[in-house]
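Spelled out, the chains give:
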Amino acid sequence: MTPEELVSRLAPVRVPADFARFGLQDPLAAVALGLLAGVVLSVLLRALTAPRTRTVEDVRARIAAMTHLPPQERMVALAGLLRDMGGTVPSAMSNALYDPNATTDPAPLEEAVLAAARRARR
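Predicted, not measured: the structure shown is a model, and the values here were computed from it.

(A) Representation of the packing of helix α5 (residues 71-84) against helix α6 (residues 91-98) in the model. Look at α5 against α6: their axes get within 9 Å of each other, and the N-to-C directions meet at 130 degrees. If you check the angle between α5 and α6, you find them oblique. Where α5 crosses over α6, the handedness of that crossing is left-handed. Here Q72, M75, V76 and A79 of α5 lie close against α6, whose contacting residues are M93, A96 and L97. Split by residue class, the contact of α5 with α6 holds six nonpolar, one polar and no charged.

In structure tokens form, the structure reads like this:
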């Protein structure tokens, strides 16, 4: 039996005529799927290309949030932030961290945190 004879013996396709016709719903469905794919792609691209806050600006905001803390807690918080940034506490400030009666200005520690943030950005 040749392939042509086999094909001629096959039963006709039993698909409804409306199903085989290309109607208005088909291009509308294609457009809808294209729009949906565009929305998904734009959300993904927006997430991937969103501007990141710079490290220095973030650190300045965190330092500003610490201004309401008592002096000793502020020094500890600044030292923790400095450690997170990969820096080390200046030797003049390390005694103030352990002495609750010490009255020191947190400005040098803030500068050390900002310097560490600038180094981390590079």
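(B) Main features of the nonpolar core. Ranked by internal contacts, the top residues of the largest apolar core, which has 19 residues, are V59, I63, M75, L81, L82, L109 and V113. Counting only elements with at least two residues in this core, the list comes to α4 (55-65), α5, α6 and α7 (107-121). A total of six residues in this core trace back to one element, the largest contributor, which is α7.

(C) Seen up close, the pattern of salt bridges. Summed over the entire model, instances satisfying the criterion amount to two salt bridges. Two residues, R83 and D84, come together in a salt bridge whose shortest N-O distance is 3.7 Å. Per residue, the accessibility class of R83 equals that of D84, and both read exposed.

Rules of the game
Residues numbered from 1 in each chain as written. Predicted model: local features only at pLDDT ≥ 70, side-chain atom pairs only at ≥ 80, totals over all residues. Heavy atoms only, no water. Axes fitted to C-alpha atoms, helices over the stretch in contact; angles between N-to-C directions. Helix = DSSP H or I, 4+ residues; strand = E, 2+ residues; numbered from the N terminus. Parallel < 35°, antiparallel > 145°, perpendicular 65-115°, else oblique. Left-handed = near helix turned anticlockwise from the far one by under 90°. Contact = heavy atoms within 4.5 Å. Nonpolar A, V, L, I, M, F, W, Y, C, P; charged D, E, K, R; others polar. Core = buried A, V, L, I, M, F, W, Y, C linked by side-chain atoms within 4.5 Å. Buried < 20%, exposed > 50% of the residue type's maximum accessible area, 1.4 Å probe, protein only. Salt bridge = Lys/Arg side-chain N within 4 Å of Asp/Glu carboxyl O.

As far as function goes, none of this settles anything; it's purely spatial.
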